[in-house]
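A structural walkthrough
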There are 2 protein chains.
Amino acid sequence: MRKEISMSNLEKIGQRAAAAKFELQTLSTEKKNKALRAIAEALQKRGNEILESNAKDLKIAEANGMNSGLLDRLRLTKERIDAMAEGLVQIAQLPDPIGEVLERFDRPNGLHITKLRVPLGVIGIIYESRPNVTADAFGLCFKSGNVVVLKGGSDAIHSNIAVSTVIRETLAIEGITQDAVCLITDTDRQTANALMKMNQYIDVLIPRGGAGLIKAVVENSTIPVIETGTGNCHIYIDEDADISKAIPIIINAKTQRIGVCNACESLVINEKVLDKALPALGEALRANNVEMRADESVRAILPDCVSATEEDYGREYLDYIISMKTVASIEEAIAHINHYTTGHSDAIITENDEHARMFLERIDSACVYVNASTRFTDGFEFGFGAEIGISTQKLHARGPMGLKELTAYKYTIEGNGQIRE
Amino acid sequence: MRKEISMSNLEKIGQRAAAAKFELQTLSTEKKNKALRAIAEALQKRGNEILESNAKDLKIAEANGMNSGLLDRLRLTKERIDAMAEGLVQIAQLPDPIGEVLERFDRPNGLHITKLRVPLGVIGIIYESRPNVTADAFGLCFKSGNVVVLKGGSDAIHSNIAVSTVIRETLAIEGITQDAVCLITDTDRQTANALMKMNQYIDVLIPRGGAGLIKAVVENSTIPVIETGTGNCHIYIDEDADISKAIPIIINAKTQRIGVCNACESLVINEKVLDKALPALGEALRANNVEMRADESVRAILPDCVSATEEDYGREYLDYIISMKTVASIEEAIAHINHYTTGHSDAIITENDEHARMFLERIDSACVYVNASTRFTDGFEFGFGAEIGISTQKLHARGPMGLKELTAYKYTIEGNGQIRE
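Let me begin by describing the structure that accompanies this report. Given the structure is predicted, the values throughout are model-derived calculations rather than measurements. (Residues numbered from 1 in each chain as written. Chains lettered and ligands numbered in written order. Predicted model: local features only at pLDDT ≥ 70, side-chain atom pairs only at ≥ 80, totals over all residues. Heavy atoms only, no water.)

1. Quick word on helix α3 (residues 47-63) of chain B
All names here are of chain B. Here α3 contains 17 residues, and its C-alpha end-to-end distance of 24 Å stays within 8% of the 24 Å for a straight helix at 1.5 Å per residue. Residues of α3 that are buried include every one of G47, I50, S53, N54, D57, L58 and A61, and no others. Considered in projection along α3, the buried side chains sweep an arc of 145 degrees and stay on one side of the axis. Counted as exposed and oriented over 90 degrees from the buried face of α3: N48, E52, K59 and A63. Turning to α3, the residues buried within the fold contact α2 (29-45), α4 (68-74), α5 (78-93) and α7 (157-173). At the exit of α3 stands G65, carrying a positive phi of roughly 75 degrees. (Helix = DSSP H or I, 4+ residues; strand = E, 2+ residues; numbered from the N terminus. Expected span 1.5 Å × (residues − 1). Buried < 20%, exposed > 50% of the residue type's maximum accessible area, 1.4 Å probe, protein only. Arc of directions from axis to C-beta. Contact = heavy atoms within 4.5 Å.)

This is the structure we're talking about:
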């Protein structure tokens, strides 16, 4: 037990969060859903208050020379507040995962053992400048019975305070502990680093943001981390691919939304179909302003490609750029992809069932596709209703994380005086 | 991708392990079981070779003044080698978790999604001076399709080399990559620290040993860790307890085996049953040589108790010592236990169904008991057939970890040209 005469703000927040988790764990589904709907309504009713705070953040960010892409992420509008509210209403409509009986078995000695789904406890979320994460992350954590401790970026601090104030005040009206959501208002790096060591209060940490943020959390946290959202996603055009399927899938996966983790970043092409596939594929990529970085075999057919370096094959561009690599066989394709993938989503285009089976079995990624766009790796597209992120690690959860992935389990063991021999 | 002109031994081991995981992931159940049985036989056949190496370790340890308890952990005998072999045969008899279909669902756009159980990949095990862990950990990781990287203590290095050599040579005879088990023979602390940062090769790290080892791994590892085996387990004697059940359960949980993580370390007693419970309980504990460290209310009835400090309530003694705390209500008992528990196993003794329900629902531990000994928190006792440890964290696995808990899952998504709108 830690005892300090003068406790920091962070320490106090940790204690409040840990104390609140016992109330959250036993909240009824009805009470949680009613609160989510009330908060959705309050966010809309108090939209002006939130927009005024957001205007402060925007003014400071503009004065600091923030670029237009980041300013857009930071900006709230009436429509975006409506979308936040609608997100909470949707979460209220999802089934409550808590209390689900996962297994039940009796032992020969008469013990009744039940494996039950329970909340993780306290979830820490470290994120950057998107104020909508404040409401989204709260909604998912709250519905799954978890307290959430939020640490947003300094750029969005006024917006985050406004949103979390509306949530906390509405929780109080609903007779629920306000500490279901705790916002850390110190946005400096030292506070973030101290947060990552608060194992006594926080059960899991989920970073949401760019590769730099995620790396910093993985390297510094002593709390278990769920790594999300780095996607060097591949599409492999097999020797038995239907090229008329391949091209629309590749264009969709690469260009439908370029800045997302499930976008395609690399093409792997069997040498037997280079002649057949490349002219039309090159044309389609060019028409969509995609820069191609390719090896020699591809460049022999598409001379306008940039020469790919080894580094290109490991990159998540999040841009109108794609790398292209020629292979001699499906085995070589699988080895190349397993070497360079971030374990997010990889696809094969083939009409050959045996090749499809090999690819599905051997590619070591969260989501492995046959004849479909990698863009489907998404909680909504999987039917989970919402997601907190896409896990790229092996432990606990892999791929799209919905409400169930924000839970743990416990065993209850009921006896009648049993002792161990 | 890391590139260094001169790679260390550790780096080479990491690369070999990561390369081997693709073979392990697709090994058939038959091939795995046949290899496990062959290794069991080889361990027995080559027992003398192992005992000779163990004798070297024992000689060095004795010369270094190792105490008798630790020497006993380090010592192998013919019987202990037989037990290691028997453990592998038992693992061969367990169902193979790999390939199990966990969920299967179709989406409105025609995508077929399957959630499949797959190996974690490469599991690192850091352990102390028990050479039997070398065979046990290999057996569980191998059957669940994982490569295991082992880092044992320097005291057991000759024994660990001998055991892993038998395993590797038998794997080669069975036509399976020897790198299914990789032993790190550098036993210094720098190597251990470097191992804990090898995220590019190792998927999960499981420390097996004392609290100091586990703390060091949690604090230094950037690889996801599964924390195991710290148990400050409580038994609460409710106001509606059947004392004739309580006493045998407490004696069993405290004294059947004192050095284990599921032993009881602390009693919590409702003040309404102090007079009824304590005289017989005190006598039974005294008869088993258990030192009692208690608060004032208990000491008023059992004057031979030592006075408990606040620190006592947080301790895992692993010894013939128990702490005792009086509470006024079940609510106070639950709050006390949730504050001091390590989240391993806690029990209530009661005939009151409502109190049992409250306790099961509100105690935030991996295993929560009614009227049974905490000693049942064990993979064999749960019917899992074997265990790699007892997880005390929330992420991934909680409580006894058998073969299933050494697996991850992946999604396969089969389409026919689907793209995202």
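Resuming the write-up.
2. Considering the environment of B:I237
All names here are of chain B. As for its placement among the helices and strands, I237 is situated in strand β7 (residues 233-237). For I237, a relative accessible area of 1% puts it in the buried group. Not counting residues within four places of it along the chain, the set of residues in contact with I237 comprises I243, I250, V268, I269, N270, V273, L281 and I349.

3. A few points about helix α1 (residues 9-25) of chain A
Side chains that are three or four residues apart share a direction in an α-helix, a result of its 3.6 residues per turn. Residue and element names in this part refer to chain A. Helix length check: α1, at 17 residues, gives a terminal C-alpha distance of 24 Å against a target of 24 Å (1.5 Å per residue), a fit within 8%. Of all the residues in α1, the buried ones are L10, E11, I13, G14, A17, A18, A20, K21, L24 and Q25. The elements touched by buried residues of α1 are β2 (112-119), β3 (122-127), α6 (132-143), β4 (147-151), β5 (181-183) and α8 (189-195).

4. Considering the relation of the copies chain A and chain B
The operation relating chain A to chain B is a screw motion whose rotation component is 180 degrees, with 0.0 Å of axial translation and a residual RMSD of 0.0 Å. Interpreted geometrically, this transformation is the action of a two-fold axis. Within chain A, the C-alpha atom positioned nearest to the axis of rotation is that of A:H396, 1.9 Å from it. In this assembly the copies share their binding face: 100% of the residues contributing to the interface of chain A also contribute to that of chain B. (Least-squares fit on C-alpha atoms with pLDDT ≥ 70 in both.)

5. As for the interface of chain A and chain B
The partner chain B presents 80 residues to the 79 residues of chain A that form the contact. Interface area, chain A with chain B, both sides summed: about 6,400 Å², of which 55% is carbon and sulfur. Inspection of the chain A/chain B interface yields eight salt bridges. One can count 41 residue pairs in polar contact (both at pLDDT 80 or more) joining chain A with chain B. Contributions of two or more residues to the side of chain A that touches chain B are made by α1, β2, α9 (211-220), α10 (243-255), α14 (330-340), α15 (353-362), β13 (367-372) and β16 (407-418) of chain A. For the side of chain A that touches chain B, the leading source of residues is β16(A), giving eleven residues. Here the side of chain A that touches chain B is built from residues that sort into 35 nonpolar, 23 polar and 21 charged. As judged from the five bridges shared by β16(A) and strand β13 (residues 367-372) of chain B, these two strands associate in the parallel manner. Paired with A:T412 across the two strands is B:V368, which belongs to β13(B). (Buried area = accessible area lost by both parts, 1.4 Å probe. Salt bridge = Lys/Arg side-chain N within 4 Å of Asp/Glu carboxyl O. Polar contact = N/O pair within 3.5 Å; in protein donor to acceptor, adjacent residues only side chain to side chain. Nonpolar A, V, L, I, M, F, W, Y, C, P; charged D, E, K, R; others polar. Pairing = 2+ DSSP bridges.)

6. Observations regarding the sheet that holds β5(A)
Residue and element names in this part refer to chain A. Pairing in this open sheet of four strands is parallel, and the strands run β5-β4-β3-β6 from one edge to the other. What marks the edges here is a single partner per strand, and that holds for β5 and β6 (204-208). Neighbour-to-neighbour, the strand axes of the sheet open up by a mean angle of 20 degrees, direction not taken into account. The sheet contact formed by β4 and β5 spans three bridges and is parallel. (Axes fitted to C-alpha atoms, helices over the stretch in contact; angles between N-to-C directions.)

7. Some remarks on the environment of B:V122
Residue and element names in this part refer to chain B. You can see V122 is positioned in strand β3 (residues 122-127). The exposure class assigned to V122 is buried, which follows from its relative accessible area of 0%. Sequence separation between V122 and V149 is 27 residues, and the spatial gap between their C-alpha atoms is 7.1 Å. The contact partners of V122, leaving out residues within four places of it in the chain, are A17, A18, K21, V147, V149, Y201, I202, D203 and V204.

8. Re the sheet that holds strand β4 (residues 147-151) of chain B
Residues and elements named next belong to chain B. With respect to topology, four strands assemble into an open sheet ordered β5-β4-β3-β6, the strand pairing being parallel. Because the sheet does not close on itself, it has two edges, and the strands there are β5 (181-183) and β6 (204-208). Pairs of neighbouring strands in the sheet enclose a mean axial angle of 20 degrees, with direction left out of account. Bridge count between β3 and β4: five bridges; the pairing is parallel. For V122, the partnering residue across the bridge sits in β4 and is V147. Of the strands in this sheet, β3, β4 and β5 are in contact with helix α1 (residues 9-25), which crosses β4 at around 150 degrees. Its contacts with the sheet place helix α9 (residues 211-220) against β3 and β6, and it is angled at close to 160 degrees to β6.

9. With respect to the state of the cysteines
All names here are of chain A. Summed over all chains, the structure comprises zero disulfides over all chains. C261 provides the cysteine sulfur closest to C233, a residue in no disulfide bond, and the two sulfurs are 6.9 Å apart. C305 forms no disulfide, and the closest cysteine sulfur to it belongs to C264, at a distance of 14 Å. Of the residues examined, C305 reaches a relative accessible area of 8% and is grouped as buried. (Disulfide = S-S within 2.5 Å.)

10. Some thoughts on the environment of B:I167
Mapped onto the secondary structure, B:I167 falls in helix α7. Once the C-alpha coordinates of B:I167 and B:A180 are considered, the two residues, 13 residues apart in sequence, prove to be 9.3 Å apart.

11. Focus on the pattern of salt bridges
Residues and elements named next belong to chain A. The full count for this structure, using the stated rule, is 56 salt bridges over all chains. Among the ionic pairs, K115 bridges to E103, the shortest N-O distance being 3.6 Å. You can see K115 sitting in strand β2 and its partner E103 sitting in strand β1 (residues 101-106), a full twelve residues away along the chain. Look at K115 and you get buried, because its relative accessible area is 10%. Classification of E103 by relative accessible area gives partly exposed; the value is 31%. Measuring nitrogen to oxygen at the nearest pair gives 2.8 Å for the salt bridge that ties R357 to E354. With a gap of three residues between them, R357 and E354 both fall in helix α15, about one helical turn apart.

12. Thoughts on unusual backbone geometry
Residue and element names in this part refer to chain A. If you check the backbone angles, L318 has positive phi at about 55 degrees while not being a glycine. Among the structural elements, L318 can be located in the loop between α13 (310-313) and β11 (321-327). Overall, the relative accessible area of 35% leaves L318 in the partly exposed class.

13. Re the packing of α10(A) against helix α11 (residues 274-287) of chain A
All names here are of chain A. For the pair α10 and α11, interaxial distance at closest approach is 10 Å and the crossing angle is 30 degrees. As far as their axial angle goes, α11 and α10 are roughly parallel. Pair α10 / α11 crosses with right-handed handedness. Only K276, A277, A280, L281, A284 and L285 of α11 make contact with α10, whose side of the interface consists of I243, I247, I250 and I251. Residues that form the contact of α10 with α11 fall into these classes: nine nonpolar, no polar and one charged. (Parallel < 35°, antiparallel > 145°, perpendicular 65-115°, else oblique. Left-handed = near helix turned anticlockwise from the far one by under 90°.)

14. A few points about the pairing of strand β7 (residues 233-237) of chain A
All names here are of chain A. Where burial is concerned, most of β7 is hidden: five out of the five residues are buried. Of the two faces of β7, the one lined by C233, I235 and I237 and the one lined by H234 and Y236 are each fully buried. In the sheet, β7 pairs with strand β8 (residues 264-270) via five bridges, with the strands oriented parallel. Of the residues in β8, the one forming a bridge with H234 is S266. In this view, the connection linking β7 to its parallel neighbour β8 by way of α10 has right-handed handedness. Across four bridges, β7 lies against strand β12 (residues 345-349) in parallel orientation. The partner of H234 across the bridge, within β12, is D346. (Right-handed = clockwise from strand over helix to strand, strands pointing away.)

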